[in-house]
Amino acid sequence: MPPKIELHCHLDGILDPEMARDIRAEDPGFPVDPELLAGAYPVDSFQRFSDWWRFPAALQGDLDRFRPVLKRHLKRLAAEDVIYAELMIGGSEIPVDTSEAIDKLSEVRAWLKPQTAGRIQVEFLACFGRNKPPESLEAKVARNIALYEAGLIAGVALAGPEEGYRVQPHHRTFARYHDAGVPIEIHAGEWCGPESIWDVLRYGFPKRIGHGVSLFADPALVDAVREKGIHIEMCPTSNLKTGSIGRIEEHPIRKAIELGLRFSVNTDDPGPFGNSMESEYALLQNVFGFTEDDLGRVFAHSAAARFRSGLPGTP
Ligand SMILES: [Zn+2]
């Protein structure tokens, strides 16, 4: 299996019924009931996807509750030859107070080390929602810069509902991250047209854009993204399952390689979508006709777009 790098995956979007059963067998107090969770499938529409999120809600608010999920996820990633993974952690999982946040993330990272056994590098991004008031995102900037400078997060990410929530009101927040050298990822072009990605380019200082499905509708935008060297984190199965695209063949990932863009392939939320890095690679080959050379380019682009450099001996 070729080595893989994943850049776009949400920690609270990993749990699935099989994993929940395994965790419950070890810890009967685990707050997600595997059989109730199993009732949330198939996740094949935006509505079903939204409904799915009430299950990980029982874990939110404390990073420690995700440890059994993370442990099993890393095992799966290692079996798929994933050598580097960035995971987005939600705002509610990071203590508000800076020194508490440093302690919490230091503990989790120290616990992670033996789990990964030097085979896979895991980095965290602090992720927050577009729909939050600008002042609430700005209030987290100093803490997140401190976490970044302590090596505990590798960058920040903006997710959440795209429609009606522009990046412009968060301009000052992103300018502060940018000035401090904190790498920025912003989800855009998943639910809205190219104007949403222009908004990100103007006000968000992104190194990477998540999804970018609508990017291809505007050739000037494609040129701007290519010229700025911005990386696109593509998530084909996610886009199909949530209804961002109608059929998998409509996904623009083939166009991305033809247009010479820099991009990766990612699972986004393997819990509800039932996908894996292996299944995404299989799509690239079987649906989109990627050659070995194309896959090599995906790997090289993913490696170059990591927010923290890799394990010794990796590119
Ligand atoms: Zn995402």
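Structural notes, computed from the coordinates. Treat the numbers as computed from the prediction; the structure is a model and nothing was measured.

Observations concerning the coordination of the zinc ion
- Taken together, the protein donors to the zinc ion comprise His8 (NE2), His10 (NE2), His187 (NE2) and Asp268 (OD), at separations of 2.1 to 2.4 Å.
- Classification of the site at the zinc ion as irregular follows from its 4 donor atoms and the range of 81 to 170° in their angles at the metal.
- Linear spacing of the donor residues for the zinc ion on their chain is H-x1-H-x176-H-x80-D. Accessibility assignment for this pair places His8 and His10 in one class, buried.

A word on the packing of helix α9 (residues 194-203) against helix α10 (residues 219-228)
- Contact pair α9 / α10: the axes reach a minimum separation of 10 Å and the direction vectors enclose 30°. Relative to α10, the element α9 is oriented roughly parallel. Our pair here, α9 against α10, has a crossing hand that is left-handed. Contacts from Pro194, Ile197, Trp198 and Leu201 in α9 reach Ala220, Leu221, Ala224, Val225 and Lys228 in α10.
- Residues that form the contact of α9 with α10 fall into these classes: 8 nonpolar, no polar and 1 charged.

A closer look at helix α8 (residues 171-179)
- For α8, every residue scored as buried is listed here: Thr173, Phe174, Ala175 and Tyr177.
- Those residues of α8 hidden inside the fold are in contact with β3 (121-129), α6 (134-138), α7 (141-149), β4 (155-159), β5 (184-188) and α9.
- Of the residues trailing α8, Gly181 is marked for its positive phi of about 80°.

Quick look at helix α1 (residues 17-26)
- Those residues of α1 that fall on the buried side of the exposure criterion are Pro17, Met19, Ala20 and Ile23. Relative to the axis of α1, the buried residues are bounded by an arc of 155° and lie together on one face. Facing away from the buried side of α1, by more than 90 degrees, are the exposed residues Glu18, Ala25 and Glu26.
- If you follow the buried residues of α1, they end up packed against α2 (34-38) and α4 (67-79).

Description of the nonpolar core
- Membership of the largest hydrophobic core comes to 82 residues, with the highest contact counts inside it found for Leu15, Phe124, Tyr177, Leu215, Phe263 and Phe290.
- Per-element accounting of this core gives the leading share, 5 residues, to helix α5 (residues 98-116).
- In contact with Phe263, other than residues within four places in its own chain, are His231, Ile232, Met234, Ile253, Ala256, Ile257, Phe290, Val298, His301 and Ser302.

Considering the pattern of salt bridges
- With the rule as written, the count across this model stands at 20 salt bridges.
- Salt bridges here are not isolated pairs; linked through shared partners, they connect Asp62, Asp64, Arg67 and Lys104.

As for the side chain of Glu138
- Mapped onto the fold, Glu138 is located in helix α6.
- In this structure Glu138 comes out as buried when scored by relative accessible area, which is 18%.
- Filtering out sequence-adjacent residues up to four positions away, Glu138 remains in contact with Arg172, Thr173 and Arg176.

What about the sheet that holds β5?
- Read across the sheet, 8 strands follow the order β1-β2-β3-β4-β5-β6-β7-β8 without closing on themselves; strand pairing throughout is parallel. The sheet is open, and its two edges are formed by β1 (4-6) and β8 (262-265), each paired on a single side. Strand after strand, the sheet turns through a mean of 25° between neighbouring axes, direction not considered.
- As paired elements, strand β2 (residues 82-90) and β3 share 7 bridges and run parallel to each other. Its bridge partner lying in β3, Ile89 is registered against Ala126.
- With respect to the sheet, helix α15 (residues 292-304) is in contact with β1, β2, β7 (231-234) and β8, its orientation differing from that of β8 by roughly 100°.

Focus on the packing of aromatic side chains
- In this structure the tally under the stated criterion is 8 aromatic pairs.
- Ring centres 6.3 Å apart and planes at 55° place the aromatic pair Phe46 and Phe49 in the tilted group. Taken together, the residues Phe46 and Phe49, both in helix α3 (residues 46-52) and 3 residues apart, mark about one turn of the helix.
- The class of Phe46 is partly exposed, set by a relative accessible area of 43%.
- Between Phe49 and Trp53 the ring centres are 5.7 Å apart and the planes differ by 85°, which places this aromatic pair in the edge-to-face class.
- An aromatic cluster of at least three residues, connected via ring pairs, comprises Phe46, Phe49, Trp52, Trp53, Trp191 and Phe273.
- Above the ring of Tyr281, the side-chain terminus of Lys4 is found at 5.4 Å from the ring centroid.
- Over the aromatic face of Phe307 sits the side chain of Arg208, whose NZ or CZ is 3.7 Å from the ring centroid.

Here we look at the side chain of Glu6
- Relative to the elements of secondary structure, Glu6 occurs in strand β1.
- Of the side chains bearing the opposite charge, Arg208 lies closest to the buried Glu6, which forms no salt bridge; the N-O distance is 10 Å.
- A distance of 2.6 Å separates a polar side-chain atom of Glu6 from the backbone nitrogen of Thr267.

Here is what the cut-offs are and how they apply
- Residues numbered from 1 in each chain as written.
- Predicted model: local features only at pLDDT ≥ 70, side-chain atom pairs only at ≥ 80, totals over all residues.
- Heavy atoms only, no water.
- Donors = N, O, S within 2.8 Å, 3.2 Å for Na, K, Ca; no water.
- Tetrahedral: all angles 85-135°; square planar, octahedral: opposite > 155°, others 65-115°.
- Buried < 20%, exposed > 50% of the residue type's maximum accessible area, 1.4 Å probe, protein only.
- Axes fitted to C-alpha atoms, helices over the stretch in contact; angles between N-to-C directions.
- Helix = DSSP H or I, 4+ residues; strand = E, 2+ residues; numbered from the N terminus.
- Parallel < 35°, antiparallel > 145°, perpendicular 65-115°, else oblique.
- Left-handed = near helix turned anticlockwise from the far one by under 90°.
- Contact = heavy atoms within 4.5 Å.
- Nonpolar A, V, L, I, M, F, W, Y, C, P; charged D, E, K, R; others polar.
- Arc of directions from axis to C-beta.
- Core = buried A, V, L, I, M, F, W, Y, C linked by side-chain atoms within 4.5 Å.
- Salt bridge = Lys/Arg side-chain N within 4 Å of Asp/Glu carboxyl O.
- Pairing = 2+ DSSP bridges.
- Phe/Tyr/Trp six-rings, centres within 6.5 Å; stacked < 30°, edge-to-face > 60°.
- Lys NZ or Arg CZ within 6 Å of the ring centre and 35° of its normal.
- Lys, Arg positive; Asp, Glu negative; His and termini not counted.
- Polar contact = N/O pair within 3.5 Å; in protein donor to acceptor, adjacent residues only side chain to side chain.

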